[in-house]
Structure formats: structure tokens, C-alpha cells
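In case you want the letters, here they are:
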Amino acid sequence: MSKLVRFKFYETALEANRDKQILAEKGLNSFIANEQLIQSDWLLSQAVGGIQLQVFENDLEKAEEILQLYKENETVSLEVEHTIEDPKFDFVCPKCGSNHIYRDDSATSFFGVYLLTSHKFVCYYCENEFIH
């Protein structure tokens, strides 16, 4: 049986768990060391070498490939539909020009009942909030 080796080091448990989940989705077992210790006293992080993601020695290269591929794909933005047919409103976002917008009624509702009509809108494309 292959032994566990230190694969990556992290400052936060969130980053370590994200990479552990990515590896698990591809069928690789990995383990996180020092997570509980550092979460209970973050000053110990330097002493124990941070939060460690460990993999089996024979999976080391495959784990590197998986995370590298994920990192490359993470930087590619997903295409979002900039304009839509039959928009609900006859105006566009002043920031990006998209007609894919919605009315934000959250500020004018009380327990799901809309008391007033909101003039605040949000663009699906660029998430710009504006008043119209």
C-alpha cells in the first residue's frame, strides 16, 4: 500500500477543503492534516506547517494534474447571455447595455407581500444595481 505524502499547504481550511472536494470528484482520496489544530489556534500554523492536504504517493502526479486543470478552467469566464428576446422592461442596464435585468423588490416587501413597486433594478449580466 502506498504511503501518504504532503501534497499542498494552505492558510485556510476553506481552500484545503475545496481542493479535497475537487480531487474527490475525480475519484482521488485525500486527507487534510492540522485543520482542527489551526482552527482552534491559528498562531500554531507556522509551527506545524499550515493546513496540509495529503494524497497517496502513487496519486501525486494525478492530483497535480487535476488541480492544475481546475485552476486553468477557473479563470475562463462563463459566457452569459448579454441580451434576451422579449425583455420584461423597455430599458437597458446603464453600465453594460444588457436588457437582461430584473426588478429588485426585496426592499419593498413585507413577509412576501409587496407594499410598493420598487424602482431598483439589477442586471443579470454585470450585477449592476441601478434606479430607473
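In the block above lies the structure referred to throughout.
Residues numbered from 1 in each chain as written. Predicted model: local features only at pLDDT ≥ 70, side-chain atom pairs only at ≥ 80, totals over all residues. Heavy atoms only, no water.

**Some words on the overall build of the chain**
To keep it simple, the criterion reads: Numbering goes from the N terminus for both helices and strands, where a helix is a DSSP run of H or I of at least four residues and a strand is a run of E of at least two. Whether a residue is buried, partly exposed or exposed follows from its accessible area with a 1.4 Å probe, protein chains only, as a fraction of its type maximum: under 20%, in between, or over 50%, in that order. Contacts are assigned to residue pairs that have any heavy atoms within 4.5 Å of one another.
If you tally the helices and strands in the chain, you get four helices and eight strands. Listed N to C, the secondary structure of the chain is β-α-β-α-α-β-α-β-β-β-β-β in terms of helices and strands. Within the chain, the fraction of its 132 residues that count as buried is 30%. Considering only contacts in the chain between residues 6 or more positions apart, those separated by 24 or more positions represent 50%.

**Brief notes about the side chain of Gln54**
Worth spelling out the cut-off: Whenever two N or O atoms come within 3.5 Å, that pair is a polar contact, provided that in protein one can donate a hydrogen and the other can accept it, and provided that, for residues adjacent in sequence, both atoms are side-chain atoms.
Tracing the backbone shows Gln54 in strand β3 (residues 51-56). According to the relative accessible area criterion, Gln54 is buried, its value standing at 17%. At 3.4 Å, the side chain of Gln54 forms a polar contact with the side chain of Gln52. Each residue touching Gln54, except ones within four places of it in the same chain, is listed here: Leu4, Val5, Arg6, Phe7, Ser30, Phe31 and Ala33.

**Focus on the nonpolar core**
Basically, it comes down to this: The nonpolar core is taken to be a set of buried Ala, Val, Leu, Ile, Met, Phe, Trp, Tyr and Cys residues, with the residues joined through side-chain atoms within 4.5 Å.
Grouped together as the largest cluster of nonpolar side chains are 15 residues, with contacts concentrated most on Phe7, Leu23, Ile51, Val55 and Ala63. Residue assignment for this core shows that the elements contributing at least two residues are β1 (4-10), α1 (13-25), β3 and α4 (60-74). Leave out the neighbours within four places in its chain, and Ile51 touches Lys8, Phe9, Tyr10, Glu11, Thr12, Ala13, Ala16, Ile32, Ala33, Asn34, Glu35 and Ile38.

**Topic: the sheet that holds strand β2 (residues 30-33)**
Let me state the cut-off plainly: When DSSP finds two or more bridges between a pair of strands, those strands are recorded as paired. Inter-axis angles, ranging from 0 to 180 degrees, are taken between N-to-C directions of lines fitted to C-alpha atoms, where helices are fitted over the stretch in contact.
Taken in spatial order, the three strands line up as β1-β3-β2 in an open sheet, and their pairing is antiparallel. Two strands bound the open sheet, and with one partner strand each, they are β1 and β2. Averaged over all pairs of adjacent strands, the angle between their axes in this sheet comes to 30°, without regard to strand direction. Relative to β3, α1 is tilted by about 15°, and along the sheet it contacts β1, β2 and β3.

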